[in-house]
Amino acid sequence: MLPYGDRALLVEVADLAAVAAVRGALERAPLPGQRDVVPAARTVLVVLDRRPTDLDVAALRRLDAPPPAADEATRTVELPVVFDGPDLAEVAALVGRSVPALVAALTTLELTVAFGGFAPGFGYLTGLPEDLHVPRRATPRTRVPAGAVGLAGEFAGAYPRESPGGWQLVGRTDAVLFDVDRDPPALLAPGSRVRFREVG
Amino acid sequence: MLTVLACGPLATVQDRGRHGWASIGVTTSGAADRSAADLANRLVGNDPAAAVLEATAGGLRVRAERTLLVALTGAPAAARVDGRAAPFNAPLTLAAGQVLELGMPPVGLRTYLAVRGGVGVPAVLGSRSTDTLSGLGPAPLRAGDRLPVGTLAAAEPNVDVAPVRPPSTRPVLQVLPGPRHDWFEPAAWTALTTQEWTVTPDSNRVGLRLSGPRLTRARADELPSEGLVPGAMQVPPDGAPVLFLTDHPVTGGYPVLAVVASADLSAAAQLRPGDLVTFRPAR
């Protein structure tokens, strides 16, 4: 537990499962005056509208031991993906598979949105087996189109809108990833389960 | 209705921001100098949630299309109504057709204009603020924009003038040790809290870039990205700190050495390129 200025606390945890547990617990039972919860790779930031107290620290400490999060209501999002990304062949070579075998592997996985943060509606998807981990591109692209589906390290993700980016692009989706007039606005919110479905 | 005739370098609609969306990558945004925006709303008797205009480095010119009660706060730009000097930090009635014009503020950067009822542009995710980082909310103002006036007025205002000190060009901001202060040499904290820092030109609503002594890290490993707050002072590998303001990204991948006390964020938001700032450990 790390103090973070006079309006927030930063909970440090061991892994993404614990991040999900702490986030889920704080969404179900917010602290008094809780304004925002920001899950990340190894931390959960809790922003309050007041100065944190020892009571908050104690409450968050109790969350440190992740409770069984099985009852968390999860939704599964199926993302239609055209696997024609500019890096598809290179990724296949990196992981030692043919392109069809790589696509087959990617479309059988159940992924989970671990956290967001890069842009509104961007979700860092976990659940890639280690043999599908590929490094970022040595030189990031200055322009990645909206809908691009990419891989980087232990993560997969889809770009909600055009932006620069260094992920290896394997495909594209026409799913609307972020829409301020939709409830919820983000298709891929932390905790959501995600499957890629190949479309022609 | 308020018609925008000129907007200076950047003028936006702002309120108290978007809360509760950080986990899907949406930052809070909102008025950079919250105290000044809140005061402007109080002076015209608005609900604190009402949206105001934030003018950066003056240059805003608006015409009232009907009688409007307005107030100016923040950076004390010389204000004129149809060419005559207008009061600051006080309610002011504009008759239909009158033009309010802001000069360049002698100190400070951001001037707020509240209108009784609030600026009534549509809300996006619960806020009318322009988020300059992600492009959410209304686009920055452009000459020719016609802004509706909303209905977020509360009781009639009963304050003639608010005694407010103008922003300082050499403020002293209180800082608390950040969550990763132990990633730095002890000399980094000493340098941060004893030396003078200069605000550089590549500063904006996202953050202030500061130049001063190089802040040296004690550990070179990579920090997994983690949440940010306004006031967080993140130190990239070049050793020059970024003090995040209201449009900060929701997460960052460099260690945060210090966090400016929330009470001093308004003063930070009034700093402009070339200003000097010092940091003192909060008591």
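Scroll up for the structure.
This structure is a prediction, so every number in the text was calculated from the model and none was measured.

Procedures and definitions
Residues numbered from 1 in each chain as written. Chains lettered and ligands numbered in written order. Predicted model: local features only at pLDDT ≥ 70, side-chain atom pairs only at ≥ 80, totals over all residues. Heavy atoms only, no water. Pairing = 2+ DSSP bridges. Helix = DSSP H or I, 4+ residues; strand = E, 2+ residues; numbered from the N terminus. Axes fitted to C-alpha atoms, helices over the stretch in contact; angles between N-to-C directions. Contact = heavy atoms within 4.5 Å. Phe/Tyr/Trp six-rings, centres within 6.5 Å; stacked < 30°, edge-to-face > 60°. Buried < 20%, exposed > 50% of the residue type's maximum accessible area, 1.4 Å probe, protein only. Lys NZ or Arg CZ within 6 Å of the ring centre and 35° of its normal. 1 Å grid on protein atoms, 1.4 Å probe; cavity = no way out; pocket = protein on both sides within 12 Å on 5 of 7 lines; lining within 4 Å. Points joined across faces, edges and corners; volume = space filled by probe spheres on them. Nonpolar A, V, L, I, M, F, W, Y, C, P; charged D, E, K, R; others polar. Buried area = accessible area lost by both parts, 1.4 Å probe. Salt bridge = Lys/Arg side-chain N within 4 Å of Asp/Glu carboxyl O. Polar contact = N/O pair within 3.5 Å; in protein donor to acceptor, adjacent residues only side chain to side chain.

(A) Main features of the sheet that holds strand S3 (residues 52-56) of chain B. Residues and elements named next belong to chain B. One open sheet accounts for five strands, arranged S2-S3-S10-S5-S8; its pairing is antiparallel. A single partner strand is all that each edge strand has here, and the edge strands are strand S2 (10-14) and strand S8 (91-94). On average, adjacent strands in this sheet sit at an angle of 25 degrees to one another, irrespective of strand direction. Bridge count between S2 and S3: five bridges; the pairing is antiparallel. Each bridged residue has a counterpart across the sheet, and for Gln14 the counterpart in S3 is Val52. Running at roughly 155 degrees to strand S5 (residues 68-74), helix H1 (residues 34-43) makes contact with S3, S5, S8 and strand S10 (110-115) of the sheet.

(B) Here's a closer look at the sheet that holds strand S3 (residues 34-39) of chain A. Residue and element names in this part refer to chain A. Read across the open sheet, the four strands follow the order S1-S2-S4-S3; overall the sheet is antiparallel. This sheet does not close on itself; its edge strands, each paired only once, are strand S1 (2-3) and S3. Pairing of S1 with strand S2 (residues 8-12), which is carried by two bridges, proceeds in the antiparallel orientation. Residue pairing across strands places Leu2 opposite Leu10, the latter belonging to S2. Relative to the sheet, helix H1 (residues 16-28) contacts S3 and strand S4 (43-48), its axis offset from that of S4 by approximately 25 degrees.

(C) Quick peek at the packing of aromatic side chains. Within the structure shown, the criterion is met by 10 aromatic pairs over all chains. Aromatic side chains A:Phe118 and A:Tyr159 sit 5.9 Å apart centroid to centroid with 85 degrees between the ring planes, which places their arrangement in the edge-to-face category. One end of the pair, A:Phe118, is in the loop between strand S6 (111-115) and strand S7 (124-126); the other, A:Tyr159, is in the loop between strand S10 (155-158) and strand S11 (163-165), with 41 residues separating them in the sequence. A relative accessible area of 1% means that A:Tyr159 is categorised as buried. Of the aromatic side chains, those joined through ring pairs into one cluster are A:Phe115, A:Phe118, A:Phe122, A:Tyr124, A:Phe155, A:Tyr159 and A:Trp167. The ring of B:Trp183 is capped by B:Arg219, whose NZ or CZ atom sits 3.9 Å from the centre of that ring.

(D) Inspection of empty space enclosed by the protein at higher detail. Residue and element names in this part refer to chain B. Under the criterion given, the structure shown has one cavity of 30 Å³ or more. What the largest cavity holds in volume is close to 40 Å³. Ranked by residues supplied to the lining of the largest cavity, first place goes to H1 with three residues. Residues belonging to the lining of the largest cavity are distributed by class as follows: five nonpolar, two polar and three charged.

(E) Spotlight on the interface of chain B and chain A. On the side of chain A, 32 residues touch chain B, which itself brings 32 residues to the contact. Roughly 2,400 Å² is buried in total at the junction of chain B and chain A, and carbon and sulfur atoms are behind 62% of that figure. On the chain B side of the contact with chain A, B:Ser23, B:Ile24 and B:Pro179 bury the most area, a combined 23% of that side's loss. Taken together, chain B and chain A are joined by one salt bridge. Ionic pairing is found between A:Glu12 and B:Arg180, a salt bridge with its closest N-O pair at 2.8 Å. Across the contact surface, chain B and chain A share nine residue pairs in polar contact (both at pLDDT 80 or more). Listing elements by their share of the side of chain B that touches chain A, those giving two or more residues are strand S15 (226-227) and strand S19 (256-260) of chain B. Residues belonging to the side of chain B that touches chain A are distributed by class as follows: 18 nonpolar, 11 polar and three charged.

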